[in-house]
Amino acid sequence: MAHLVLPVVLILSFSLLSCSHPSRTKKAVSPRQTGAAEDEDVKSQIEKLWQEVNLLKEVQALQTVCLRGIKTHGKCYLLKEEPKHYHEANEDCIAQGGTLATPRDMMENNEVRDYAKRGAPGTRDFWIGVADIVKEGQYVDVNSLPISFFNWDRSKKQPTGTKRESCVALSVAAKGKWYDEVCRSMKKYICEYIIP
């Protein structure tokens, strides 16, 4: 599909350039003014075409992510194998048009857990997009929005509530339960991309 986008844009651009638009007013306009108005109209149409091309590129990039990861609940998830600190992991996801995965209910949590288990066998835990960095005990997603779903590992008395442990990991070993962890710990992570 990508190899068809550029030729289509070029054909449309040339056809727009070769078309002449009739004047919309009956006033006498000098040929110079008419040419300038038509040039601006053509430039505007070309700009709109480029915006559409860029949107198509974004959709194609998202489809590529979905092919490499999983697609569920109107989102794509992509596991990242290189361990990073929490903030570096989130910045990497943002640079690719997403955020750290934030399960919003048990079904999503289980999908993310199962994907992590299949995608990186033997890895015990992964960063997810939940933290209480700003205010201790007030957990929010990476956009600083409060979250209402939690899946704490109560058998290990999570969250522990210490100020050092402000970032949240999903434990595959503990069947998808969460625990708070020091943000500077190195972990693999899962990015989340909203499907438009």
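Residues numbered from 1 in each chain as written. Predicted model: local features only at pLDDT ≥ 70, side-chain atom pairs only at ≥ 80, totals over all residues. Heavy atoms only, no water.

- Looking at an unreviewed UniProt entry, one finds the protein chain named C-type lectin domain family 3 member A, with Cyprinodon variegatus as its source organism.

With respect to the packing of aromatic side chains
Part 1 of the argument: Within the structure shown, the criterion is met by seven aromatic pairs.
Part 2 of the argument: Look at Y86 and W127: their rings are 5.4 Å apart centre to centre, the planes differ by 85°, and that puts the pair in the edge-to-face class. Of this pair, Y86 sits in helix α3 (residues 86-95) while W127 sits in strand β4 (residues 125-131), and the two are 41 residues apart along the sequence.
Part 3 of the argument: You can call W127 buried: its relative accessible area is 0%.
Part 4 of the argument: A ring pair is formed by F149 and W178, whose centres lie 5.6 Å apart and whose planes are at 85°; its orientation type is edge-to-face. Here F149, found in the loop between β5 (140-141) and β6 (165-171), pairs with W178, found in strand β7 (residues 177-182); they are 29 residues apart in sequence, far enough to count as distant.
Part 5 of the argument: With relative accessibility at 0%, the residue W178 sits in the buried group. (Phe/Tyr/Trp six-rings, centres within 6.5 Å; stacked < 30°, edge-to-face > 60°. Helix = DSSP H or I, 4+ residues; strand = E, 2+ residues; numbered from the N terminus. Buried < 20%, exposed > 50% of the residue type's maximum accessible area, 1.4 Å probe, protein only.)

Let's talk about the side chain of T123
Part 1 of the argument: Positionally, T123 belongs in the loop between α4 (106-119) and β4.
Part 2 of the argument: A polar contact is formed between the side chain of T123 and the side chain of K188, at a distance of 3.1 Å.
Part 3 of the argument: Here T123 is in contact with V172 and K188, once residues within four sequence places are set aside. (Polar contact = N/O pair within 3.5 Å; in protein donor to acceptor, adjacent residues only side chain to side chain. Contact = heavy atoms within 4.5 Å.)

Remarks on α4
Part 1 of the argument: When the terminal C-alpha atoms of α4 are compared, their 19 Å separation across 14 residues agrees well with the 20 Å that a helix rising 1.5 Å per residue should span.
Part 2 of the argument: Within α4 the residues assigned to the buried category are E108, N109, V112, R113, Y115 and A116. Buried residues in α4, looked at end-on, bunch into an arc of 165°, giving them a common side. Exposed residues pointing more than 90 degrees away from the buried face of α4 are listed as M107, K117 and R118.
Part 3 of the argument: Taking the backbone nitrogen of M107 as reference, a side-chain oxygen 3.1 Å away marks D105 as the first, capping residue of α4. (Expected span 1.5 Å × (residues − 1). Arc of directions from axis to C-beta.)

Some details on the state of the cysteines
Part 1 of the argument: The full count for this structure, using the stated rule, is two disulfides.
Part 2 of the argument: Bridging C93 to C191, the disulfide has an S-S length of 2.0 Å. Between C93 and C191 the sulfur-sulfur dihedral comes to about -80°; the bridge is accordingly left-handed. Of this pair, C93 sits in helix α3 while C191 sits in strand β8 (residues 187-194), and the two are 98 residues apart along the sequence.
Part 3 of the argument: Overall, C93 belongs to the buried group, its relative accessible area being 0%. (Disulfide = S-S within 2.5 Å.)

Quick notes on the side chain of E108
Part 1 of the argument: Relative to the elements of secondary structure, E108 occurs in helix α4.
Part 2 of the argument: According to the relative accessible area criterion, E108 is buried, its value standing at 6%.
Part 3 of the argument: Sequence-distant contacts of E108, that is, excluding residues within four places in its chain, are made with H73, K75, Y77, T102 and P103.

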